[in-house]
Amino acid sequence: MSVHALLYRLYQPIPPSLRAELKWIQEALRELRRKAQFWKWVRVDLSPPGCTHEVRYSGRGTQTEVVELQLSGSSQRMNDCDPVAVSEFPLPGSLRVPRFIQPVVPLDLPLDDLLACYGDKLRRVVRQQLLKATIVRAATPQEIAHADETMLQPYARARYGPGADQLSRTTVMNIATRPDGRMDILHSDGEAAACHLGFKRIRKGKLYWNAIRFGFAEAIFTNSKRLHEVNSVNVFLATKYAKENGFDYYGLGDCLARPDDGLLHWKRRRGGILDASQCQEWFYVRLPERGACSFLWNTPLFSAQLRGAKLTLHIGIPKERSDTDVLARYREMSFGGLFEMVIHTERPLAQTLLDALGELFENITPAPRVTVKKLTA
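A quick note: this is a predicted structure, and the numbers were derived from the prediction, not measured. (Residues numbered from 1 in each chain as written. Predicted model: local features only at pLDDT ≥ 70, side-chain atom pairs only at ≥ 80, totals over all residues. Heavy atoms only, no water.)

Chemist: What should I look at first to understand the layout of surface pockets in this one?
Modeler: Which parts of space are left empty comes out when a probe the size of a water molecule is rolled across the atoms. The volume enclosed by the second largest pocket comes to roughly 950 Å³. Residue lining of the second largest pocket: 32 residues in total, with Cys-117, Gly-271, Ile-273, Asn-363 and Ile-364 positioned closest to the centre. A per-class count over the lining of the second largest pocket returns 15 nonpolar, nine polar and eight charged. (1 Å grid on protein atoms, 1.4 Å probe; cavity = no way out; pocket = protein on both sides within 12 Å on 5 of 7 lines; lining within 4 Å. Points joined across faces, edges and corners; volume = space filled by probe spheres on them. Nonpolar A, V, L, I, M, F, W, Y, C, P; charged D, E, K, R; others polar.)

In structure tokens, the structure reads:
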């Protein structure tokens, strides 16, 4: 018996949850080994676009663009401020920041209640599109290949450019045909408009239906209104499939772990709560002694402990910002799945403001605790 055959026989009796855990640990160890290649490290000063502070980075040179993207913002550079220290290994007093985060939709509510959680405009769009939509599973290799060629790949190129991270045809075919995966084709008004590639996972005894890729016909993704309509009903129908087939969660796919990320908020509005338990790529951020509140105002951060535990949102309130400014800045930060929201502030906060910030989470159970951290200007 070959070694591969023996390993396969030993692997088969392992429960699915344990298999998923072993795969996660294996990849985490690979990432740790990659980080430990210190001869590939650099120590450089970075200037992320729109960041208020200079960033002093220590880590692999291949990760500088990742750090610049993660810490980018929309403000001008501040003068006479300490740099933000970032490293691939822990720094004293640093935040452990995930690179990616996965919003998941809990499926413990009836389907109508899940739809009721959508905003009024989004809910109307989904209901209108449901009247025109039908879902058919891609059952043959020809149908799967056609969806990959006409929807998955063109949409990825249109969205991310020629360097888009495409799945190989073999990988798409494997996921779509194996027992724990499938590809569904969405027809709108009788025309193939979109597809959804997904697969099943079991984590800690819970069933997850995970989105791997979405694809759209060119006539859809080149029309922003139609893309919004079809994308919204595509996600809802995938949520419906997961609910009706006994899954506990529908995973909406990875997002860049930036509280201001547009895709993250798109998924939040569709019922996604934050889950960092599957992230294996982390870096460490030590806030500057001066100007930390301005930095976090411009670039809020998530942090978490091992395996994504105690996921925390860090926001900043500089002394020159009014209560009205604060509520306008953070009104979209109502993420589910948070353990805590830490408010870094340079000024005393009125109880009315704290109450208003707490109300961001009034429809979220459990609501995160709110902690105020007073800093010097």
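So that's the structure; there's more coming.
Chemist: Would you explain the packing of helix 6 (residues 141–160) against helix 7 (residues 169–177) in this entry?
Modeler: When two helices pack together, their arrangement is captured by the angle between the axes and the distance separating the axes. Orientation of helix 6 relative to helix 7, taken along the N-to-C sense of each, is 125°, at an axis distance of 10 Å. Our classification of the angle between helix 6 and helix 7 gives oblique. Of the two elements, helix 6 crosses helix 7, and the hand of that crossing is right-handed. The segment helix 6 lies against helix 7, with Pro-141, Ile-144, Ala-145, Asp-148, Glu-149, Leu-152 and Gln-153 engaging Arg-169, Val-172, Met-173, Ala-176 and Thr-177. Its residues placed into classes, the contact of helix 6 with helix 7 shows seven nonpolar, two polar and three charged. (Axes fitted to C-alpha atoms, helices over the stretch in contact; angles between N-to-C directions. Helix = DSSP H or I, 4+ residues; strand = E, 2+ residues; numbered from the N terminus. Parallel < 35°, antiparallel > 145°, perpendicular 65-115°, else oblique. Left-handed = near helix turned anticlockwise from the far one by under 90°. Contact = heavy atoms within 4.5 Å.)

Chemist: Where do I start with the environment of Cys-117 in this structure?
Modeler: Note on placement: Cys-117 falls in the loop between helix 4 (111–116) and helix 5 (120–130). The class of Cys-117 is exposed, set by a relative accessible area of 53%. Once the C-alpha coordinates of Cys-117 and Val-97 are considered, the two residues, 20 residues apart in sequence, prove to be 29 Å apart. (Buried < 20%, exposed > 50% of the residue type's maximum accessible area, 1.4 Å probe, protein only.)

Chemist: Help me out: how do you make sense of a nonpolar patch on the surface in this one?
Modeler: A contiguous nonpolar surface patch, about 430 Å² in accessible area, is contributed by Leu-18, Leu-22, Ile-25, Leu-29 and Leu-32. Leu-32 sits in the partly exposed class, given a relative accessible area of 44%. (Patch = residues over 30% accessible without salt bridge, like charges linked within 9 Å, V, L, I, M, F, W, Y side chains within 5 Å. Areas by Shrake-Rupley, 256 points an atom, 1.4 Å probe, with all protein chains shown as cover. Salt bridge = Lys/Arg side-chain N within 4 Å of Asp/Glu carboxyl O.)

Chemist: I tried to follow the pattern of salt bridges on my own but got confused; where do I start?
Modeler: Two side chains carrying opposite charge are able to pair once their charged atoms lie near each other. Evaluated as defined, the whole model comprises 22 salt bridges. Salt-bridge contacts for Asp-180 lead to Arg-201; the nearest nitrogen and oxygen are separated by 3.5 Å. Taken together, the positions of Asp-180 in the loop between helix 7 and strand 7 (181–188) and Arg-201 in strand 8 (residues 191–203) put the pair 21 residues apart, joining distant regions of the chain. Under the relative-accessibility criterion, Asp-180 is labelled partly exposed at 23%.

Chemist: Help me understand unusual backbone geometry, please; the structure alone is not making it clear to me.
Modeler: Trans peptide bonds make up the majority, and among non-glycine residues the majority have a negative phi. Residues Thr-365 and Pro-366 are joined by a peptide bond in cis, for which omega reads -5°. By the element assignment, Pro-366 lies in the loop between helix 13 (351–358) and strand 17 (369–374). Positive phi is not limited to glycine here, since Lys-204 has a value of about 50°. Mapped onto the secondary structure, Lys-204 falls in the loop between strand 8 and strand 9 (206–216). With a phi close to 50°, Lys-310 is a non-glycine residue in the positive phi region.

Chemist: Whenever I open this one, helix 7 confuses me. Can you help?
Modeler: Think of an α-helix as 3.6 residues a turn; residues three or four steps apart then line up on the same face. Here helix 7 has its buried residues at Val-172, Met-173, Ile-175 and Ala-176. Viewed end-on, helix 7 has its buried residues packed into an arc of 170°, placing them on one side of the element. Buried residues along helix 7 sit in contact with strand 6 (133–137), helix 6, strand 7, strand 8 and strand 9. (Arc of directions from axis to C-beta.)

Chemist: What am I meant to see in the side chain of Arg-203 here?
Modeler: In this fold, Arg-203 is placed in strand 8. Engagement of the side chain of Arg-203 in a polar contact is seen with the side chain of Asp-275, the distance being 3.2 Å. (Polar contact = N/O pair within 3.5 Å; in protein donor to acceptor, adjacent residues only side chain to side chain.)

Chemist: Explanation requested: the sheet that holds strand 14 (residues 301–303) in the structure shown.
Modeler: Sheets are built from strands that pair by backbone hydrogen bonding, the pairs being arranged parallel or antiparallel. Read across the open sheet, the four strands follow the order 14-15-16-17; overall the sheet is mixed. The sheet terminates laterally at strand 14 and strand 17, the two strands that pair on one side only. Each adjacent strand pair in this sheet contributes to an overall mean axis angle of 25°, direction not counted. With six bridges joining them, strand 16 (residues 340–345) and strand 17 adopt parallel strand pairing. Residue pairing in the sheet places Glu-340 in a bridge with Arg-369 of strand 17. (Pairing = 2+ DSSP bridges.)

Chemist: Explain the packing of aromatic side chains here, please?
Modeler: The geometry of two aromatic rings is summed up by the distance between their centres and the angle between their planes. Applying the stated criterion across every chain yields a total of 12 aromatic pairs. Both rings, one in Trp-209 and one in Phe-247, keep their centres 5.5 Å apart while their planes meet at 55°; by these two values the pair is tilted. Here the residue Trp-209 occupies a position in strand 9, and Phe-247 occupies one in the loop between helix 9 (224–244) and strand 10 (249–251), the gap between them amounting to 38 residues. When its relative accessible area of 9% is taken as the criterion, Phe-247 is described as buried. Site record: aromatic cluster; members linked through ring pairs are Phe-38, Trp-41 and Phe-89. Across from the ring centre of Trp-282, 3.9 Å away, lies the NZ or CZ of Arg-96, which sits over that ring. A cation over a ring is seen here: Arg-270 above Trp-266, with NZ or CZ 3.7 Å from the ring centre. (Phe/Tyr/Trp six-rings, centres within 6.5 Å; stacked < 30°, edge-to-face > 60°. Lys NZ or Arg CZ within 6 Å of the ring centre and 35° of its normal.)

Chemist: It is not clear to me how the environment of Asn-174 should be interpreted in this structure. Could you clarify?
Modeler: Relative to the helices and strands, Asn-174 is located in helix 7. What makes Asn-174 partly exposed here is its relative accessible area of 41%. Measuring from C-alpha to C-alpha, the distance between Asn-174 and Asp-184 comes to 14 Å, with 10 residues separating the pair along the chain.

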